[in-house]
Amino acid sequence: MTTTNVKAYGAQATDAPLKEMNIERREVLAKDIEIEIMYCGVCHSDLHTARNDWGFTTYPVVPGHEIVGKVTKVGSATTKLKVGDFAAVGCLVDSCRTCKSCEQDLEQYCLNGWVGTYGGQDKHLGGFTHGGYSEKIVVDEDFVLKVPANLDLAATAPLLCAGITTWSPLRHWNVGKGSKVAVVGLGGLGHMAIKLAKGLGAEVTLFSRTPGKEKDALELGADAVVISTDENQMNSVAGKFDVIIDTIPYVHDVNPYIATLGISGTIVIVGYLGGLDPILNTVPMIMGRKSVAASLIGGIAETQEMLDFCGKHNIVSEIELIKMQDINEAYERMQKSDVRYRFVIDMASLKQ
């Protein structure tokens, strides 16, 4: 297969900083779209993967799955986009397409294993896929998304992960006008959960461990802020919420939030992978038919639905634009939650 050598930024080992390297991209096949990457969001998953925090990274790895750019080539059988159009790629670049999940547009739950934008099994070149910290990417058109013309391109990038990760549970649990939604944590995921829930017509509350985020939360669209370490404030919202989107990315106590769910309410974990500590107390769950659930990104159709909704309501992420060469500093700042609320790489800097 014919390939092209392109610039990228990636890690060669667990403890190695990200640095410039070269990777191969395939030439477009009949159903492929080639995208010159203009902006790439920086996700906590990028950091965890680069540093092998989850234990399954294969090096070298080029992260990045919040990709926005311009179409530069299309295959002979493509119909979705044309050269010059703006396009996006999220966390998925392929799946089996035939299993029960894929048939329901739930490629993120592909029973035969979906292909991640980075670190997935590359069906064409062998080895592993490389992500958006690079000059360009080639993706089957079925996994390429259209970008609404009115949206700021850089601020659109985080919608491809942070946006869909919060949109999917909001939609699955039927959030709409009159729903009472709470969001745990105000970061990359949390700020998008507030914007999207509010856009859907819900009454939105932010749970925060410490005071000081009220102004930001209200400006983002929240109707109220509850300090989760304040017993009186927590008691004041007991039994209130239909859905809680929990965006905390580390182990934490979920039990206090369950008490704030109404009958048949659900708390959905979207930020943390791993065991819960302390363990769940099932008594309030049983006594109120309450659920603890989890959710993973979204399928391609749902992601396009989210982008179209954001276009209609002019919803984008709050971002800090950085150069590719500053990615290691950005990772350090992410660990300190020193970003409001998502880093996005201006990929033009890779050409410098």
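Here the structure is a predicted model, which is why all the values come from computation and not from measurement. (Residues numbered from 1 in each chain as written. Predicted model: local features only at pLDDT ≥ 70, side-chain atom pairs only at ≥ 80, totals over all residues. Heavy atoms only, no water.)

Trainee: Any details on the packing of helix α4 (residues 162-172) against helix α10 (residues 300-313)? Residues and values, ideally.
Mentor: Running from N to C, α4 and α10 cross one another at 100°; their axes reach a closest spacing of 10 Å. When the interaxial angle is binned, α4 and α10 end up roughly perpendicular. Between α4 and α10, the contacting residues are Gly-163, Ile-164, Trp-167, Ser-168 and Arg-171 on the first element and Glu-302, Thr-303, Glu-305, Met-306 and Phe-309 on the second. Classifying every residue of the contact of α4 with α10 by side-chain character gives four nonpolar, three polar and three charged. (Axes fitted to C-alpha atoms, helices over the stretch in contact; angles between N-to-C directions. Helix = DSSP H or I, 4+ residues; strand = E, 2+ residues; numbered from the N terminus. Parallel < 35°, antiparallel > 145°, perpendicular 65-115°, else oblique. Contact = heavy atoms within 4.5 Å. Nonpolar A, V, L, I, M, F, W, Y, C, P; charged D, E, K, R; others polar.)

Trainee: Mind laying out the nonpolar core, listing which residues take part and the relevant values?
Mentor: Counting 93 residues, the largest nonpolar core has Tyr-133, Ile-327 and Tyr-331 as the members making the most contacts within it. With six residues, the single largest contributor to this core is helix α5 (residues 188-199). When residues no more than four places from it in sequence are discounted, the contact partners of Ile-327 are Tyr-9, Leu-18, Val-42, Tyr-133, Ile-322 and Ile-345. Ala-182, Val-237, Ile-258 and Met-285 belong to the second largest nonpolar core, which has 17 residues in total. (Core = buried A, V, L, I, M, F, W, Y, C linked by side-chain atoms within 4.5 Å. Buried < 20%, exposed > 50% of the residue type's maximum accessible area, 1.4 Å probe, protein only.)

Trainee: Residue-level account of the pairing of strand β3 (residues 32-41), with values.
Mentor: Across the 10 residues of β3, eight count as buried, placing the element largely inside the fold. Bridge count between β3 and strand β8 (residues 136-140): five bridges; the pairing is antiparallel. Each residue of the ladder has a partner; that of Ile-33, found in β8, is Val-139. Pairing of β3 with strand β4 (residues 67-74) involves seven bridges; the strand directions are antiparallel. Each bridged residue has a counterpart across the sheet, and for Cys-40 the counterpart in β4 is Ile-67. (Pairing = 2+ DSSP bridges.)

Trainee: Let's hear about the environment of Cys-161: which residues, and what values?
Mentor: Among the structural elements, Cys-161 can be located in the loop between α3 (153-156) and α4. For the pair formed by Cys-161 and Ser-101, sequence separation is 60 residues and the distance between their alpha carbons is 20 Å. Aside from chain neighbours lying at most four places away, what touches Cys-161 is Cys-43, His-65, Glu-66, Cys-91 and Arg-342.

Trainee: Please set out α4 residue by residue, giving values where relevant.
Mentor: Taken across its 11 residues, α4 has nine buried, putting it largely inside the fold. Within the span of α4, buried status applies to Ala-162, Gly-163, Ile-164, Thr-165, Thr-166, Trp-167, Ser-168, Pro-169 and Leu-170. Looking at the buried positions of α4, the neighbouring elements they touch are β10 (180-184), α5, β13 (241-246), β14 (261-269), α10 and β17 (342-346). Phi turns positive, to about 55°, at Asn-174, one or two residues after α4.

Trainee: Summarise the pattern of salt bridges; cite the residues concerned and give the values.
Mentor: According to the stated counting rule, one finds 21 salt bridges in the structure shown. For Asp-140, the salt bridge identified is with Arg-97, shortest N-O distance 3.3 Å. Here Arg-97 lies in the loop between β6 (92-94) and α2 (100-103) and Asp-140 lies in strand β8, a separation of 43 residues in the sequence. The exposure class assigned to Asp-140 is buried, which follows from its relative accessible area of 13%. (Salt bridge = Lys/Arg side-chain N within 4 Å of Asp/Glu carboxyl O.)

Trainee: Can you tell me about α10, naming the residues and giving the values?
Mentor: Taking 1.5 Å per residue, 14 residues should reach 20 Å; α10 reaches 20 Å between its end C-alpha atoms and fits that length. Along α10, the positions that sit buried rather than exposed are Ile-300, Glu-302, Thr-303, Gln-304, Met-306, Leu-307, Phe-309, Cys-310 and Gly-311. Packing partners of the buried residues in α10 comprise β9 (145-146), α3, α4 and α5. (Expected span 1.5 Å × (residues − 1).)

Trainee: An account of the side chain of Asp-246 is requested, with residue identities and associated values reported.
Mentor: Checked against the element boundaries, Asp-246 lands in strand β13. Here Asp-246 sits buried without a salt bridge, and the closest side chain of opposite charge, Arg-209, lies 11 Å off (N-O distance). At a separation of 2.7 Å, a polar atom in the side chain of Asp-246 contacts the side chain of His-252. Not counting chain neighbours up to four residues away, the residues in contact with Asp-246 comprise Val-184, His-252, Val-254, Ile-267, Val-268, Ile-269, Val-270 and Gly-271. (Lys, Arg positive; Asp, Glu negative; His and termini not counted. Polar contact = N/O pair within 3.5 Å; in protein donor to acceptor, adjacent residues only side chain to side chain.)

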